[in-house]
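So you can see what is in the structure, the chains are spelled out below.
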Amino acid sequence: KAYPVDFAIESDRNIVQVEGNASGHFVTEEIFSDATFLRLVPAKMVNGQSRFRIHQITMGIGIYFDNRKILSATKKEHISPITEDLPTIDFSMTAANRDREFDVENSESSVQFLEIGQNVEVLYGQELEDGSMEWMPGAKLSLKDWSADDEELDIGASDRFDTMEETYYRGQLHPEGISLYKLADDVFQDAGVDRREYYIDPYLQDVKIQNPVPAVAHKEALQLIANAGRCIITQGRNGNIYMKSSFAPDMTVQTEDAAYYSQPEKILASSDKSEYAITTPEYTK
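In this report, we go over the structure that sits alongside the text. (Residues numbered from 1 in each chain as written. Predicted model: local features only at pLDDT ≥ 70, side-chain atom pairs only at ≥ 80, totals over all residues. Heavy atoms only, no water.)

Remarks on the overall build of the protein chain
In step 1: On a plain count of helices and strands, the protein chain comes out with two helices and 13 strands.
In step 2: The C-alpha atoms of the protein chain give a radius of gyration of 24 Å, which is well past the 19 Å a tight globule of 285 residues would have.
In step 3: Expressed as lengths along the three principal axes of its C-alpha atoms, the size of the protein chain is roughly 65 × 55 × 45 Å.
In step 4: Within the span of the protein chain, comprising 285 residues, buried residues form 30% of the whole.
In step 5: Counting only contacts in the protein chain whose residues sit at least 6 apart along the sequence, the fraction spanning at least 24 positions is 54%.
In step 6: Each charge class in the protein chain was averaged separately, 27 positive and 49 negative side chains, and the resulting centres sit 6 Å apart. (Helix = DSSP H or I, 4+ residues; strand = E, 2+ residues; numbered from the N terminus. Rg over C-alpha atoms; globule rule 2.2 N^0.38 Å. Buried < 20%, exposed > 50% of the residue type's maximum accessible area, 1.4 Å probe, protein only. Contact = heavy atoms within 4.5 Å. Lys, Arg positive; Asp, Glu negative; His and termini not counted. Charge placed at Lys NZ, Arg CZ, Asp CG, Glu CD.)

Below, the structure is given as structure tokens:
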């Protein structure tokens, strides 16, 4: 890992100082107006002096809809507890088209930037007693369709599986056996999914098959692998895909420096629950 913890982003008009970055994937909503260049100047690297490499830069415009613009919104979600069907999320929203803001005939309209497949992020806001707003993630979807007239803008978005329609052709016979973990990972990679955006249950490394994955759509290949491994596929609120076991695995409990009267093994008991934490004020801090 070699990424800057503290660095500056310089452009023609402004300089943005970043401190305490804790990831190799940095995201900012800063706007660099009329910039002809961007210069990234690291001041502190995560592991001391090291080479600073930039692998990818993605830039774009964000269109934001709040309560004043949104007239109605609907989110429908379906999931099968045994992955008999793939999970689906359908989201639709209608926004007011004030001042021709979303008019297709307006050359400066925001809809000129809309493209099928773009990210659509849904957030739920709750106003607190102190007047501040707490935002909770609702879903991260892909733009499916949109339309606009003189009064309204309609947007439709769907889950990530809806876009995984291309066929998987890399299935082959494995006389020595291959783990379902490797097969699922290969399907994700062939579908072009970033490794940071999916999770495969490690227990599938111990489940091996010889059969080839048939030539079906990527999403159907994932469903077959999940069924073979007794797993369920879900899409999280962050847009990531999770393939997890649909049964309770064998588990054990280990502790260090436990109190003499503690019974940590009771954590796994389906009945006869016991307290395993001291509730003295400030104790657990």
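Things to note about the packing of aromatic side chains
In step 1: Evaluation of the coordinates by the stated rule reveals five aromatic pairs.
In step 2: Between Phe188 and Tyr198, the aromatic rings sit 4.1 Å apart at their centres with planes inclined by 10°, giving stacked as the arrangement. Residue Phe188 is located in helix H1 (residues 180-190), and its partner Tyr198 is located in strand E10 (residues 198-200); the two are separated by ten residues in the primary sequence. Per residue, the accessibility class of Phe188 equals that of Tyr198, and both read buried.
In step 3: Seen in terms of ring centroids, Tyr199 and Tyr242 are 6.4 Å apart; in terms of plane orientation they differ by 45°. Their pairing is tilted. Taken together, the positions of Tyr199 in strand E10 and Tyr242 in strand E13 (residues 241-245) put the pair 43 residues apart, joining distant regions of the chain.
In step 4: Relative accessible area serves as the criterion here: at 34%, Tyr199 is assigned to the partly exposed category.
In step 5: Arg230 extends its terminal NZ or CZ atom over the ring of Phe247, reaching a point 4.1 Å from the ring centre. (Phe/Tyr/Trp six-rings, centres within 6.5 Å; stacked < 30°, edge-to-face > 60°. Lys NZ or Arg CZ within 6 Å of the ring centre and 35° of its normal.)

Focus: the side chain of Ser179
In step 1: With respect to the helices and strands, the residue Ser179 is situated in strand E9 (residues 178-179).
In step 2: Here Lys182 takes part through its backbone nitrogen, which lies 3.1 Å from a polar atom of the side chain of Ser179.
In step 3: In contact with Ser179, other than residues within four places in its own chain, are Leu204, Gln205, Val207 and Lys208. (Polar contact = N/O pair within 3.5 Å; in protein donor to acceptor, adjacent residues only side chain to side chain.)

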